[in-house]
Amino acid sequence: MEDLIADPEFAKRILKLHLLIDNAPCTGGLEGRHHTALTDGYLTFENGTITDENGSVANVVGTAPAGNGWVYVVDRVLLPEADEK
């Protein structure tokens with residue numbers, strides 16, 4: 001947490017990586033590669049898991065409807081590529 005407070009730009013990049021911007025369906029059950037609000041960022045969804053650009057995997061542990069889409073609850077924070085920090 002201290003690292004994020006010390007580097008708010010990196011914290012913004014983490015948040016942007018968690019927001020899908022392409023035409024992802026709003027009904028749950030995402031599959032395939034989807035672009036994020038992070039420039040050139042993407043996440044890959046497959047069988048209830050999400051893989052980030054670094055190859056790290058998070059499990060989808062729940063979903064909830066939100067105003068104009070869905071919130072996917074995951075069991076870990078996904079990170080943008082380290083070389084772009």
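Provided above is the structure to which this section pertains.
Since we're looking at a predicted model, the values are computed, not measured.

(A) Broad picture of the sheet that holds strand E2 (residues 42–46). Read from one edge to the other, the open sheet built from 5 strands follows the order E1-E2-E3-E4-E5, with strand pairing classed as antiparallel. Every interior strand has two partners, whereas the edge strands, strand E1 (32–35) and strand E5 (69–74), have only one. Across the sheet, the axes of successive neighbouring strands diverge by a mean angle of 40°, strand direction being ignored. Taken together, the 3 bridges between E2 and strand E3 (residues 49–51) define a ladder with antiparallel strand orientation. Across the sheet, the residue bridging to Phe45 is Ile50, located in E3.

(B) Structural view of the packing of aromatic side chains. This structure, assessed with the given rule, holds 1 aromatic pair. Here the aromatic rings of Phe45 and Tyr72 are separated by 6.0 Å at their centres, their planes lie at 65°, and the arrangement is edge-to-face. Remark: Tyr72 occurs in strand E5 and Phe45 occurs in strand E2; sequence separation between them is 27 residues. Taking the ring centre of Tyr42 as reference, the NZ or CZ of Arg33 above it sits at 3.5 Å.

(C) Up close: the nonpolar core. Membership of the largest hydrophobic core is limited to 9 residues, which are Leu17, Leu30, Leu38, Leu43, Phe45, Ile50, Ala58, Tyr72 and Leu78. Those residues in contact with Leu78, other than ones at most four positions away along the chain, are Ile14, Leu17, His18, Leu43, Ile50, Asp52, Ser56 and Ala58.

(D) Up close: a nonpolar patch on the surface. The grouping of Met1, Leu4 and Ile5 at the surface amounts to a nonpolar patch, some 360 Å² of accessible area in total. Structurally, the position occupied by Ile5 is in helix H1 (residues 2–6).

(E) Representation of the pairing of E2 in the model. Of the two faces of E2, only the one carrying Leu43 and Phe45 is buried; Tyr42, Thr44 and Glu46 on the other face are not. Note: E1 against E2, 4 bridges, orientation antiparallel. For Arg33, the partnering residue across the bridge sits in E2 and is Thr44. Linking E2 back to E3 in an antiparallel pair, the connection comprises 2 residues, with Asn47 at a positive phi of about 50°.

(F) Here's a closer look at the environment of Thr44. Within the element layout of this structure, Thr44 appears in strand E2. With relative accessibility at 26%, the residue Thr44 sits in the partly exposed group. Setting aside anything within four residues of it in sequence, one finds Thr44 in contact with Gly32, Arg33, Thr49, Ile50 and Thr51.

What counts and how
Residues numbered from 1 in each chain as written. Predicted model: local features only at pLDDT ≥ 70, side-chain atom pairs only at ≥ 80, totals over all residues. Heavy atoms only, no water. Pairing = 2+ DSSP bridges. Helix = DSSP H or I, 4+ residues; strand = E, 2+ residues; numbered from the N terminus. Axes fitted to C-alpha atoms, helices over the stretch in contact; angles between N-to-C directions. Phe/Tyr/Trp six-rings, centres within 6.5 Å; stacked < 30°, edge-to-face > 60°. Lys NZ or Arg CZ within 6 Å of the ring centre and 35° of its normal. Core = buried A, V, L, I, M, F, W, Y, C linked by side-chain atoms within 4.5 Å. Buried < 20%, exposed > 50% of the residue type's maximum accessible area, 1.4 Å probe, protein only. Contact = heavy atoms within 4.5 Å. Patch = residues over 30% accessible without salt bridge, like charges linked within 9 Å, V, L, I, M, F, W, Y side chains within 5 Å. Areas by Shrake-Rupley, 256 points an atom, 1.4 Å probe, with all protein chains shown as cover. Salt bridge = Lys/Arg side-chain N within 4 Å of Asp/Glu carboxyl O.

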